[in-house]
Amino acid sequence: MSNSSSTRIPVVAECVLNHVEKRITESENKQLLDEELLSLHSVFGAVLERALDILEKHPTFVAYTTTNKTRTLIEIQGENDRCYRVFPRINYCPCRSFKHQVLERKAQVLCKHVLAARIAQILGRTADHEVTQDQYLMLLRSMFNTDEHNG
Ligand SMILES: [Zn+2]
């Protein structure tokens, strides 16, 4: 598959996440194990800590899903009552850190929101919220509008 690298979670990172996901799907223990936290930390570093922090504060994330289940957006509460919406498994977030740290400086492979959303999905901590196609499009639009308030 030819895909631009910016919209994909890097292979190593995706591999660790898939590994954790597989283990959790197959096991009774739905919590992250210490060794899983370690390997996630070795890949994501401080971003993991920030993602876990969000998960700590917000036990479940709303996943807006269209009635026909073809589209989903996961909502993550950010700081200052802001919320960010990301696509499941797509490495894109409208936040500033994504723009600066991930796209421009390539200092991080993803932002805390994308990682928190992925971990929430793995742990089954998303609550489905059914929306119509129109509502979905509105959510999508507002997701990009947040950027305008940035500066
Ligand atoms: Zn973000």
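Computed from a predicted model, the values in this text were never measured in an experiment.

Reading guide: rules and limits
- What you see as residue numbers is a count from 1 along each chain, following the sequence as written.
- Per-residue local features are limited, in this predicted model, to residues with pLDDT of at least 70; the limit for side-chain atom pairs, both in listing and counting, is 80 or more; totals at the level of whole chains, interfaces and linings are taken over all residues.
- Numbering goes from the N terminus for both helices and strands, where a helix is a DSSP run of H or I of at least four residues and a strand is a run of E of at least two.
- For the radius of gyration, the atoms used are the C-alpha atoms, and the globule rule reads 2.2 Å times the number of residues raised to 0.38.
- What counts as a contact is two residues whose backbone-derived C-beta atoms lie within 7 Å of each other.
- Strands are labelled as partners when DSSP assigns at least two bridges between them.
- Fitted lines through C-alpha atoms serve as axes, helices being fitted only where they are in contact, and the angles separating the N-to-C directions of these axes extend from 0 to 180 degrees.
- Any residue whose C-beta has 12 or fewer other C-beta atoms within 10 Å is treated as exposed, any with 20 or more as buried, and any in between as partly exposed, C-beta atoms being built from the backbone.
- Put simply, angles under 35 degrees are roughly parallel, angles over 145 are roughly antiparallel, angles from 65 to 115 are roughly perpendicular, and the rest are oblique.
- It is the rotation of the near helix from the far one that decides the hand of a crossing: anticlockwise by less than a right angle makes it left-handed, clockwise makes it right-handed.
- For this scheme, ten residues count as nonpolar: Ala, Val, Leu, Ile, Met, Phe, Trp, Tyr, Cys and Pro. Four count as charged, namely Asp, Glu, Lys and Arg, and the remainder, Gly too, count as polar.

Visitor: Sorry, what's going on with the overall build of the protein chain here?
Guide: Along its length, the protein chain carries six helices and four strands. For the protein chain, the succession of helices and strands along the chain, N to C, is α-α-α-β-β-β-α-α-β-α. Over its C-alpha trace the protein chain gives a radius of gyration of 15 Å, about what one expects of a compact globule, namely 15 Å for 151 residues. Restricting the contact set of the protein chain to residue pairs at least 6 apart, pairs at least 24 apart contribute 61%.

Visitor: Honestly, the sheet that holds strand 4 (residues 126-131) in this entry has me stumped. Any pointers?
Guide: Think of a sheet as strands paired side by side through backbone hydrogen bonds, with each pair either parallel or antiparallel. In space, the four strands of this open sheet follow the order 3-2-1-4, with mixed pairing throughout. Edge positions in the open sheet fall to strand 3 (83-86) and strand 4, since each of these has one partner strand only. Going from strand to strand, the sheet's axes swing by 25° on average, the running direction of each strand aside. Strand direction decides the pairing type here: strand 1 (residues 61-66) and strand 2 (residues 72-77), joined by four bridges, are antiparallel.

Visitor: Help me out: how do you make sense of the pairing of strand 2 in this one?
Guide: Within a regular strand, side chains alternate between the sheet's two faces. For strand 2, the buried fraction is high: five of the six residues fall into the buried class. In textbook terms, the turn of a hairpin is the stretch between consecutive antiparallel strands, and for strand 1 and strand 2 this stretch comprises five residues, one of which, K69, has a positive phi near 65°. Strand direction decides the pairing type here: strand 2 and strand 3, joined by four bridges, are antiparallel. In the sheet register, I74 faces strand 3, and the bridge partner there is V86.

Visitor: Can you walk me through the packing of helix 3 (residues 46-57) against helix 5 (residues 112-122) in this structure?
Guide: For any two helices packed against each other, one specifies the crossing angle of their axes together with the interaxial distance. Across the interface, helix 3 lies against helix 5 with an axial gap of 8 Å and an inter-helix angle of 60°. Here helix 3 lies oblique to helix 5, going by the angle between them. Where helix 3 crosses over helix 5, the two elements pack in a sense that is right-handed. Facing V47, L48, R50, A51, I54 and L55 of helix 3, the residues of helix 5 in contact are K112, L115, A116, I119 and A120. Considering only residue class, the contact of helix 3 with helix 5 consists of nine nonpolar, no polar and two charged.

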